[in-house]
Each structure stands twice: as structure tokens, then as C-alpha cells.
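Listed below are the residues making up each chain.
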Amino acid sequence: DAKTTQPTSMDCAEGRAANLPCNHSTISGNEYVYWYRQIHSQGPQYIIHGLKNNETNEMASLIITEDRKSSTLILPHATLRDTAVYYCIVRGNYGQNFVFGPGTRLSVLP
Amino acid sequence: EAGVAQSPRYKIIEKRQSVAFWCNPISGHATLYWYQQILGQGPKLLIQFQNNGVVDDSQLPKDRFSAERLKGVDSTLKIQPAKLEDSAVYLCASSPKTGPYEQYFGPGTRLTVT
């Protein structure tokens, strides 16, 4: 079973920031938080991952709470092409595989 | 850099027939994964290879599914015989090696069993 809880769906206006929450209250000290997204009819696409510090790349920012029990993926300026299912996954360093839950369906509206 | 390639993209078969899917990972990636994604659900891992050896096949229905990775590069996943509940998208992914590395996914093969 997935170790994370995400809202089923969210809407965001085009050009605004999209903030996608994820709860992972049972995360252990050596487990990372990964985010992937899946655009319709495509394979999942890696976005970002982090351990305990906030991370930023060209696609998004990842904010992890100090107790590491939840995180937020931020798409700073959402576009229509960001409409997708977003998966939050908790995974250890070695030996563990990605366990995908149902994710959050983000709809970016014009 | 070329991505993960899969073929065919679509396949329709009748139940009890057999089918095979092919995957070519990103060049140099040692680890290869096959996932099954049923409509409305997240992908579920079927099997993981490290080079040409199986690391994890605990969720592979071995009575009907088989997979191989010859020479540690390309891989094939076979279903024989297919059942209606095998209708799904079959995704292949690769990563440089086992560990805290992101996985790169192919476009998938959509299988419909009638």
C-alpha cells in the first residue's frame, strides 16, 4: 500500500501557483519524498524529490515540513500543459520500489 | 538523450491468447522495471531487473506472466494466456542503478483483452 495520502482532485487557474499537498505521517528517517506526474496517455514523468530540505528545480519546488510528515509540491505558474495526475511517493534509499497511490488529478483552468 | 522505448503502443487480443511487449531502456541504465497500470489507478510494479538478473518479481502473476532481459539491455514481458482483467497499460521504466535515483518511464503499451 502507498504510504501517502493526497486529495483526489484539485483545480488551479492558469498562471497561478498550484500547491499540491501530500501527507506521509509514517515516513521514516531514511525515506525520500518523490513527486511524479502523468499526463494523459503518457508514462509518469519525474518532477522532484527531497529528504528534509526544501528543493527547487526548473519544474517545481518541494516544501517538506520540519517534522517531515507532510509536503507540498508547488508549480509556480501553472499552464494548461500542467494538467495531469500528480503522484507523491515515499521511498527509501536502497531496495525499496516506488509504490504509486491514485494521486491527485490537477486541472488547470483557462 | 533518447528515452525509454516501448512497442507496440496498442494491442487488442482475445482472452486466452498470448501477447508480448518489448522495452528498450535508456542507454547505460542498469535497472529496468515493468509496471501494470489499470485504468484509474497508479502504476503497480510487476518486476525489477538489475542488469539481466531479477531483483523483485513478488507481484508478478507467474502462472501467466513472464519477463526476461537478455544481455542486460532490452526486455520483453509476456502474458500467456491473457485474461480480461489483464486489460491495462504496461509501462517500462529504467534508472541508472538501484538506489535513490529517479525512474524514467516509457509511453506504455495499452492492452485490451476482449
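Because the structure is predicted, anything quoted here is derived from the model rather than measured.

What counts, and at which threshold
- The residue numbering used here restarts from 1 in each chain and proceeds along that chain's sequence as written.
- Labels are handed out in written order, letters beginning with A for the chains and numbers beginning with 1 for the ligands.
- Local features in this predicted model are restricted to residues of pLDDT 70 or higher, and side-chain atom pairs are both shown and tallied only at a pLDDT of 80 or more, whereas totals for entire chains, interfaces and linings draw on every residue.
- Values reported for side chains reflect all heavy atoms of the structure, with hydrogen atoms and water molecules removed beforehand.
- Salt bridges, as used here, are contacts in which a Lys or Arg side-chain nitrogen is within 4 Å of a carboxyl oxygen on Asp or Glu.
- Under the DSSP-based scheme used, a helix requires at least four consecutive residues in state H or I and a strand at least two consecutive residues in state E, with every element numbered from the N terminus.
- When a residue's accessible area, from a 1.4 Å probe over protein chains only, is under 20% of the maximum for its type it is buried; when over 50% it is exposed; and in between it is partly exposed.
- Disulfides are defined in this document as cysteine sulfur pairs within 2.5 Å.
- Throughout, a residue-residue contact means that at least one pair of heavy atoms, one from each residue, lies within 4.5 Å.
- Defined in terms of a 1.4 Å probe, buried area is the accessible area two parts forfeit on being brought together, summed over both.
- Residues adjacent in sequence count toward polar contacts only when both atoms are side-chain atoms; beyond that, a polar contact is any pair of N or O atoms within 3.5 Å, and within protein one must be able to donate a hydrogen and the other to accept it.
- Only strands that DSSP links by at least two bridges are regarded as paired with each other.
- Axis definition: a line fitted to C-alpha atoms, over the contacting stretch in the case of helices. Angles run 0 to 180 degrees between N-to-C directions.

Asks: Which parts of the structure should I look at to understand the pattern of salt bridges?
Replies: Pairing between side chains of opposite charge can happen when their charged atoms approach one another. Across all of its chains, the model carries four salt bridges over all chains by this definition. When the shortest N-O distance is used, the salt bridge between Arg37 of chain A and Asp82 of chain A registers 2.8 Å. Linking Arg37 of chain A in strand β3 (residues 31-38) with Asp82 of chain A in the loop between β7 (70-75) and β8 (84-92), this pair joins segments that are 45 residues apart in sequence. Relative accessible area serves as the criterion here: at 10%, Arg37 of chain A is assigned to the buried category. Here Asp82 of chain A falls in the buried class, since its relative accessible area comes to 13%. With its nearest N and O atoms 3.8 Å apart, the salt bridge here joins Lys62 of chain B to Asp57 of chain B.

Asks: Explanation requested: the state of the cysteines in the structure shown.
Replies: Two cysteines whose sulfur atoms are joined by a covalent bond form what is called a disulfide. According to the stated counting rule, one finds two disulfides over all chains in the structure shown. Disulfide partner of Cys22 of chain A: Cys88 of chain A, at an S-S distance of 2.1 Å. Taking the sign of the S-S torsion, about -80° here, the bridge from Cys22 of chain A to Cys88 of chain A comes out left-handed. One end of the pair, Cys22 of chain A, is in strand β2 (residues 18-23); the other, Cys88 of chain A, is in strand β8, and 66 residues separate them in sequence. Here the two residues Cys22 of chain A and Cys88 of chain A agree in accessibility, since each one is buried. Here Cys23 of chain B is linked by a disulfide to Cys92 of chain B, with a sulfur-sulfur distance of 1.9 Å. An S-S torsion of about -70° defines the bridge between Cys23 of chain B and Cys92 of chain B as left-handed. Of the two residues, Cys23 of chain B sits in strand β3 (residues 19-24) while Cys92 of chain B sits in strand β9 (residues 88-95), which places them 69 residues apart along the sequence. Summarising the burial analysis for this pair, Cys23 of chain B and Cys92 of chain B share the class buried. This cysteine, Cys12 of chain A, is not joined by any disulfide, and Cys22 of chain A carries the nearest cysteine sulfur, 18 Å off.

Asks: Even after reading the chapter, I still don't get the interface of chain B and chain A, so can you show me in this structure?
Replies: One widely used convention gives an interface's size as the accessible area the parts lose upon coming together. At the interface, 20 residues of chain B touch 20 residues of chain A. Around 1500 Å² of area is buried between chain B and chain A when both sides are counted, 50% of it from carbon and sulfur atoms. Inspection of the chain B/chain A interface yields zero salt bridges. The interface formed by chain B and chain A contains three residue pairs in polar contact (both at pLDDT 80 or more).

Asks: For this particular structure, what's the right way to read the sheet that holds strand β6 (residues 61-64) of chain A?
Replies: Sheets are built from strands paired through backbone hydrogen bonds, the pairs being either parallel or antiparallel. Here four strands make up an open sheet; going across it, the order is β2-β7-β6-β5 (chain A) and the pairing antiparallel. Across the chains shown, the open sheet's two edge strands, defined by having one partner strand only, are β2 and β5 (55-56) of chain A.

Asks: I tried to follow the sheet that holds strand β1 (residues 5-7) of chain B on my own but got confused; where do I start?
Replies: Residue and element names in this part refer to chain B. Here we have four strands laid out as an open sheet, ordered β1-β3-β8-β7, and antiparallel in their pairing. A single partner strand is all that each edge strand has here, and the edge strands are β1 and β7 (65-68). Pairwise comparison of adjacent strand axes, ignoring direction, gives a mean angle of 15° for this sheet. Both β7 and strand β8 (residues 75-79) contribute to a ladder of four bridges, which runs antiparallel. Following the sheet pairing, Ser66 is matched in β8 by Lys78.

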